There are 2 protein chains.
Amino acid sequence: MFAIGEASRQSGVGIETIRYYEREGIVPKPERAPNNRRMYSAHDVGRLRFLKKCRDLGFPLADTKTLLSLSEGDGEDCRSVKELAELHIFNVREKINELKRLEAALNELTANCDSGNVSCPMLSKLRTD
Amino acid sequence: MFAIGEASRQSGVGIETIRYYEREGIVPKPERAPNNRRMYSAHDVGRLRFLKKCRDLGFPLADTKTLLSLSEGDGEDCRSVKELAELHIFNVREKINELKRLEAALNELTANCDSGNVSCPMLSKLRTD
DNA sequence: ATAACTTCTGTAGTCGCTACAGGATCAAGA
DNA sequence: TCTTGATCCTGTAGCGACTACAGAAGTTAT
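What you are looking at is a predicted structure, and each value in this text was computed from that prediction instead of being measured.

Caption draft 1: Layout of the domain arrangement of chain A. All names here are of chain A. Looking at the assigned domains, one finds that chain A contains domain 1 (1–75) and domain 2 (77–129). Summarising the inter-unit geometry, the C-alpha centres of domain 1 and domain 2 are found 35 Å apart. Taken together, the contact pairs eight residues of domain 1 with six residues of domain 2. Of the roughly 590 Å² buried between domain 1 and domain 2, counting both surfaces, carbon and sulfur atoms make up 76%. For domain 1, the biggest contributors to the area lost against domain 2 are Phe 59, Leu 67 and Leu 70; these three give 61% of the whole. Between the two partners, domain 1 and domain 2, sit zero salt bridges. Where domain 1 meets domain 2, there are three residue pairs in polar contact (both at pLDDT 80 or more). When grouped by side-chain class, the residues that make up the side of domain 1 that touches domain 2 number four nonpolar, three polar and one charged.

Below, the structure is given as structure tokens:
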């Protein structure tokens with residue numbers, strides 16, 4: 001059994017974040033030592049690692065919670081997992097496209113910024129209707 | 001002079017957002033009609049449109065505020081504008097790259113999801129150390 | 001006169017943490 | 001044994017940029 005600091009180190013999830021997950025019901029309340037400190041089993045730490053990986057993949061916390069319960073439930077519902085993941089991939093692709101549009105627009109706006117104009121070409125473009 | 005609803009319609013900035021900008025000191029406090037309602041001039045509306053464009057380009061609100069004062073100050077500091085914009089473009093590119101990494105990782109994780117496995121391949125990958 | 005719309009102020013919620021404050025407890029060295 | 005420093009506890013507030021109310025007051029249209 002590990003104290004919260006050790007669980008944090010082993011899982012990569014910050015101490016404050018672990019306590020936050022507990023408050024939000026993402027992870028079950030851990031055992032407490034007689035001195036009231038949280039004690040985590042290897043299984044608990046594994047769960048935190050699982051959460052970390054999901055978050056690093058960009059899944060929203062709510063999805064992460066769902067994935068965790070799918071992972072720990074009996075009979076892994078692979079179809080549900082796939083649906084969740086594909087929706088997420090879709091969202092990621094949309095964000096990429098939006099950012100690419102942004103990048104292009106910004107490039108265009110700043111294109112004439114070096115030509116020693118009197119008034120800033122980017123600002124004047126931002127001011128036009 | 002326009003009431004806040006009309007200013008919102010003409011600028012594309014939501015009513016609540018306009019009031020928020022005022023609270024935060026992004027825009028100056030507008031005149032008030034005798035009935036205490038905010039009244040916006042065409043110039044005020046133009047400023048809101050400027051803000052909207054900056055936000056649509058993904059500039060943080062703080063940068064947007066800076067751009068606005070650069071735009072309204074005397075002597076447009078084109079160099080400052082350019083620096084701000086290029087830093088922003090850099091950040092956008094970084095985000096794109098991170099999302100692409102995410103997308104690739106997600107694609108790999110879900111690749112084997114259809115082969116009728118007994119246990120979900122994505123979940124088991126998420127569980128391994 | 002009545003209904004429906006708009007605006008006002010002030011506050012709280014969103015997401016996922018992160019950073020305190022103020023106190024208790026523990027481990028290790030002198 | 002004492003002290004120092006690390007770790008832990010609870011509870012609360014802050015981040016960014018809005019968004020969504022509640023409850024009241026004023027305006028416009030029928």
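Caption draft 2: Quick peek at the protein's contact with DNA strand D. Taken together, 19 residues are adjacent to DNA strand D, and Gly 5, Arg 19 and Arg 38 of chain A together with Tyr 21 and Arg 55 of chain B come closest. Close to the protein, within 4 Å, the atoms of DNA strand D belong to sugar or phosphate groups at a rate of 71%. Note that a phosphate oxygen of DNA strand D is positioned 2.8 Å from one of the backbone N or O atoms of Gly 5 of chain A. A distance of 2.9 Å separates a phosphate oxygen of DNA strand D from a polar atom in the side chain of Tyr 21 of chain B. Among the secondary structure elements, those contributing two or more residues to the surface near DNA strand D are helix H1 (4–11) and helix H2 (15–23) of chain A together with helix H2 (15–23) of chain B. Element by element, the count of residues in the surface near DNA strand D is highest for H2 of chain B, at five residues.

Caption draft 3: The protein's contact with DNA strand C, seen in detail. As a matter of local geometry, DNA strand C sits amid 19 residues, with Tyr 21 and Arg 55 of chain A together with Gly 5, Arg 19 and Arg 38 of chain B nearest to it. Contacts to DNA strand C include Tyr 21 of chain A, whose side-chain N or O atom sits 2.9 Å from a phosphate oxygen. Asn 36 of chain B is positioned with one of its side-chain polar atoms (N or O) 3.5 Å from a sugar or linking oxygen of DNA strand C. Counting residues per element, the ones that place at least two in the surface near DNA strand C are H2 of chain A together with helix H1 (4–11) and H2 of chain B. Counting residues per element, the surface near DNA strand C draws most heavily on H2 of chain A, which supplies five residues. Looking at the surface near DNA strand C residue by residue, the classes come out as seven nonpolar, four polar and eight charged.

Caption draft 4: Up close: the packing of aromatic side chains. Residues and elements named next belong to chain A. For the coordinates displayed, the defined rule picks out two aromatic pairs over all chains. Plain terms: the ring middles of Tyr 20 and Tyr 21 are 6.0 Å apart, the flat faces sit at 50 degrees to each other, and that makes the pair tilted. Residue classification places Tyr 20 among the partly exposed positions, given a relative accessible area of 33%.

Caption draft 5: Seen up close, the confidence of the model for chain A. Here chain A averages 92 in pLDDT, and 97% of its residues register 70 or above. Mean pLDDT across the elements of chain A ranges from a minimum in helix H6 (residues 121–127) of chain A, with 90, to a maximum in strand E2 (residues 38–39) of chain A, with 98.

Caption draft 6: Layout of the pattern of salt bridges. Tallying each qualifying case throughout the model produces 18 salt bridges over all chains. When the shortest N-O distance is used, the salt bridge between Arg 9 of chain B and Glu 6 of chain B registers 2.7 Å. With Arg 9 of chain B and Glu 6 of chain B both in helix H1 and three residues apart, the pair spans about one turn of that helix. Residue classification places Arg 9 of chain B among the exposed residues on the basis of a relative accessible area of 63%. Taking the relative accessible area as the measure of exposure, Glu 6 of chain B reaches 30% and is therefore partly exposed. With a closest N to O distance of 3.9 Å, Arg 32 of chain B and Glu 22 of chain B form a salt bridge. A residue pair is termed long-range when its members are at least 10 positions apart, and Arg 32 of chain B in strand E1 (residues 31–32) and Glu 22 of chain B in helix H2 qualify at 10 residues. Look at the salt bridges and you will find they share partners, linking Glu 22, Arg 32 and Arg 38 of chain A into a network.

Rules used throughout
- Residues numbered from 1 in each chain as written.
- Chains lettered and ligands numbered in written order.
- Predicted model: local features only at pLDDT ≥ 70, side-chain atom pairs only at ≥ 80, totals over all residues.
- Heavy atoms only, no water.
- Domains from an automatic or database assignment.
- Contact = heavy atoms within 4.5 Å.
- Buried area = accessible area lost by both parts, 1.4 Å probe.
- Salt bridge = Lys/Arg side-chain N within 4 Å of Asp/Glu carboxyl O.
- Polar contact = N/O pair within 3.5 Å; in protein donor to acceptor, adjacent residues only side chain to side chain.
- Nonpolar A, V, L, I, M, F, W, Y, C, P; charged D, E, K, R; others polar.
- Near = heavy atom within 4 Å.
- Helix = DSSP H or I, 4+ residues; strand = E, 2+ residues; numbered from the N terminus.
- Phe/Tyr/Trp six-rings, centres within 6.5 Å; stacked < 30°, edge-to-face > 60°.
- Buried < 20%, exposed > 50% of the residue type's maximum accessible area, 1.4 Å probe, protein only.
- pLDDT = per-residue confidence, 0-100.

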